[in-house]
Amino acid sequence: MVRMECKGMQLCSWFVGAWMLLCGASTQGVQAAVPFPALQVPAAKAEAERVDAERAQAVRVEANRIAEFTLNSSQSYSNPFLELELDALVTRPDGRQLRVPAYWAGGQSWKFRYASPQVGTHRWRTECRQTADRGLHGVEGRIEVLPGTSANRLWKHGPVQTRAGQAYFEHADGTPFLWLGDTWWKCLSRRMTAEDFAELTADRRAKGFNVVQIVCGPYPDENFLAPSLANEGGLPYLAEDMSVVNPAYFDAADWRLAQLVEAGIAPAIVGAWGRGDCNSMEKFGVQSLQRHWRYLVARYAASPVLWILAGEIPDETKWGQGPWAEVAAYLRSIDPFARPLSCHTMRGWQGNPGDPRLVDYDMVGGNHDEREAVADGTLELLSAAVRNRPAMPVLCGETCYEGHMQQGFGDVQRRIFWRNMLSGAAGHTYGAAGVWHAGVEGDHGNWGAWDRQPYDWTTWKEGLQYPGSRQLGMGKALLEQYPWHRFESHPEWAPGCFAAGLPGGTRLIYIPRRGIYDWSGITVHGLVPDLQYSVFFFDPAAGRRFDKGVMSTASGSWQTPNVPSPQDWVLVMEAREPRPK
């Protein structure tokens, strides 16, 4: 039989309701989710008629939102996760067919999830490796995708995507997307309760964050499948070789990820980790990691997610070398929605001409030592990736976390953000001590590689309040007032500073903090003669604005007024119409 549902974990009706919101499917023709077992229908004929009636009615769902379908196998298996593969072949209104993986949901239950921006009738038919299982193989149905009505940008404009040769992210409808991410590596663990997760999500939403990097699988800095990574449903796998999946863990993860999406925050899901002391490839091998990724794709690819293959893996993965590349290629081959994929490595793509690119956006590293994080050599990691052609979005995915080992506060976070954004980055990922490791009183959650000593005793509630998160959100809001996605980096415009903009248009210049009694202005070069500019200083720490009127120059160079106070500043020069001759 097939039941058409739209639901999430059944820990309580609140969790179910959250997943119903995420799906957005109409209840017309859909069995509503309830936290209790369904009543059994004794008459086989009546049951068959009910199933036929359900199949005849299409699930109705708004564009980009998720329809979820539940199927029940007609026979039992000792380990369905290993023994079966189930797909739904979905034919869109334009005739294109997608192969959508399904996942084992426990017992004899299997599910698949589907979403599309394309309005109209989508028809599906299942294919199971065990063709004799009539509960799973050859089941058919329809999905009616309706125009969207939500103001949520992930539903209204569609999931985040990349375009070949384009250096910035965009939504499915072409709306530019400025990535401002936060690092929540371990926030699917039970240290972060449902209430905690909701509070953290609301805080980051209010501050302008739109991406969260989160691990769904083996953690960094933990023993493999250690009890500390369990959530309310337990551990993700119940065998050391990842051969026995625990659907209850992922049911609990469903609710957390749904919270993010409903807040307009795209989850960037990390599948595993690869550093020497927590090397998932060495522990589990290619086949197990591919099977793990198939489960993640089946669970989450219909959502507006992004993929990060694994943390701290070899750079050459990006151009098709090594065992992690096998996993990346497999992931790309089974994801029917082609969600953007990257790898968490130190350096950007550096292959030879003709080498394959297994990533859609280039994620580079920074440094957790604040002195190294702001050094020129660290910036060059990003700049080198930005110079690669054809272009792709580039961003720093991990650098100096604010408060990490009690350093990297305020002005360090602002400098890294503005330096990167004005040097060609398509976005930036922030991190804070306490938050990334879901630290709580009595359980810091960050056993490191250094004789298993903790990095921080900071709790997530303490890290939540660090000022850098608010200040980077203000920086993103300022950039979004301008055509930031068209900006070009021009360090020659303001030596010693970081500058970007349009040669004949608006430009932004970040002036790093100098001496404590240094109010001096800077010299700006490359201005268009006789073009008028409205000028103001923007305070990246507090959001204040100090207007400096309108200026123009015949020489192309201009000495600015003194800065309002000895700190870091953003100089904004808004281009106006040229002066009449």
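Above this text sits the structure in question.
These notes cover the structure that comes with them. (Residues numbered from 1 in each chain as written. Predicted model: local features only at pLDDT ≥ 70, side-chain atom pairs only at ≥ 80, totals over all residues. Heavy atoms only, no water.)

A short note on empty space enclosed by the protein
Alright, step 1. Enumeration over the complete set of coordinates arrives at one cavity of 30 Å³ or more.
Alright, step 2. Taken together, Val 364, Gly 365, Gly 366, Thr 378, Leu 379, Leu 382, Cys 396, Thr 399, Ile 416, Arg 419 and Asn 420 make up the lining of the largest cavity.
Alright, step 3. Elements with a minimum of two residues in the lining of the largest cavity: β18 (362–365), α10 (376–387) and α11 (410–421). (1 Å grid on protein atoms, 1.4 Å probe; cavity = no way out; pocket = protein on both sides within 12 Å on 5 of 7 lines; lining within 4 Å. Points joined across faces, edges and corners; volume = space filled by probe spheres on them. Helix = DSSP H or I, 4+ residues; strand = E, 2+ residues; numbered from the N terminus.)

Considerations on the nonpolar core
Alright, step 1. In terms of nonpolar packing, the biggest core is built from 148 residues, with Trp 179, Tyr 300, Trp 307, Leu 309 and Leu 508 touching the most fellow members.
Alright, step 2. When residues of this core are assigned to their parent elements, the largest contribution, 10 residues, is made by helix α7 (residues 280–300).
Alright, step 3. Grouped together as the second largest cluster of nonpolar side chains are 19 residues, Ala 494, Cys 497, Phe 537 and Trp 569 included. (Core = buried A, V, L, I, M, F, W, Y, C linked by side-chain atoms within 4.5 Å. Buried < 20%, exposed > 50% of the residue type's maximum accessible area, 1.4 Å probe, protein only.)

Overview of helix α8 (residues 323–334)
Alright, step 1. The end-to-end C-alpha separation of α8 is 17 Å, in line with the 16 Å expected for 12 residues at 1.5 Å each.
Alright, step 2. Among all positions in α8, only Trp 324, Ala 325, Val 327, Ala 328, Tyr 330, Leu 331 and Ile 334 are buried.
Alright, step 3. Elements that come into contact with the buried residues of α8 comprise β5 (97–101), α7, β16 (306–311) and β17 (341–344). (Expected span 1.5 Å × (residues − 1). Contact = heavy atoms within 4.5 Å.)

Overview of the pairing of strand β9 (residues 140–146)
Alright, step 1. Residues Gly 141, Ile 143 and Val 145 of β9 are buried on one face, while the alternating residues Glu 140, Arg 142, Glu 144 and Leu 146, pointing to the opposite face, are not.
Alright, step 2. Pairing of strand β8 (residues 120–128) with β9, which is carried by six bridges, proceeds in the antiparallel orientation. Looking across to β9, one finds that Arg 123 is bridged to Arg 142. (Pairing = 2+ DSSP bridges.)

Considering unusual backbone geometry
Alright, step 1. Following Arg 389, the chain continues to Pro 390 via a peptide bond in cis, the omega torsion being 0°.
Alright, step 2. Within the secondary structure layout, Pro 390 lies in the loop between α10 and β19 (394–398).
Alright, step 3. The backbone phi angle of Gln 406 is positive, close to 60°, even though this residue is not glycine.
Alright, step 4. The phi dihedral of Ala 438 is positive, around 50°, even though this residue is not glycine.
Alright, step 5. On the secondary structure map, Ala 438 appears in the loop between β20 (427–430) and α12 (460–464).

Here's the deal with the packing of aromatic side chains
Alright, step 1. Applying the stated rule across the entire model yields 29 aromatic pairs.
Alright, step 2. Ring centres of Tyr 103 and Tyr 295 lie 5.7 Å apart, and the angle between their planes is 75°; on these two criteria the pair is classed as edge-to-face. In this pair, Tyr 103 is assigned in strand β6 (residues 103–106) and Tyr 295 in helix α7, connecting sequence segments 192 residues apart.
Alright, step 3. With centroids separated by 6.4 Å and ring planes inclined at 40°, the aromatic side chains of Tyr 517 and Trp 519 adopt a geometry described as tilted.
Alright, step 4. Accessibility expressed as a relative area gives 65% for Tyr 517, which makes it exposed. (Phe/Tyr/Trp six-rings, centres within 6.5 Å; stacked < 30°, edge-to-face > 60°.)

Some remarks on a nonpolar patch on the surface
Alright, step 1. Residues Ile 516, Tyr 517 and Trp 519 make up a contiguous nonpolar surface patch of roughly 400 Å² in combined accessible area.
Alright, step 2. Position of Tyr 517 among the secondary structure elements: in the loop between β23 (507–511) and β24 (523–524). (Patch = residues over 30% accessible without salt bridge, like charges linked within 9 Å, V, L, I, M, F, W, Y side chains within 5 Å. Areas by Shrake-Rupley, 256 points an atom, 1.4 Å probe, with all protein chains shown as cover. Salt bridge = Lys/Arg side-chain N within 4 Å of Asp/Glu carboxyl O.)

So, the pairing of strand β22 (residues 498–501)
Alright, step 1. Both faces of β22 are covered, namely the face carrying Phe 498 and Ala 500 and the face carrying Ala 499 and Gly 501.
Alright, step 2. In this sheet, β22 lies alongside strand β21 (residues 488–489) in antiparallel orientation, the contact comprising two bridges. Counted as the bridge partner of Ser 489 is Ala 500 from β22.
Alright, step 3. Pairing of β22 with β23 involves four bridges; the strand directions are antiparallel. Within β23, the position partnered with Gly 501 by the bridge is Arg 507.
Alright, step 4. Adjacent in sequence and paired antiparallel, β22 and β23 are bridged by five residues.

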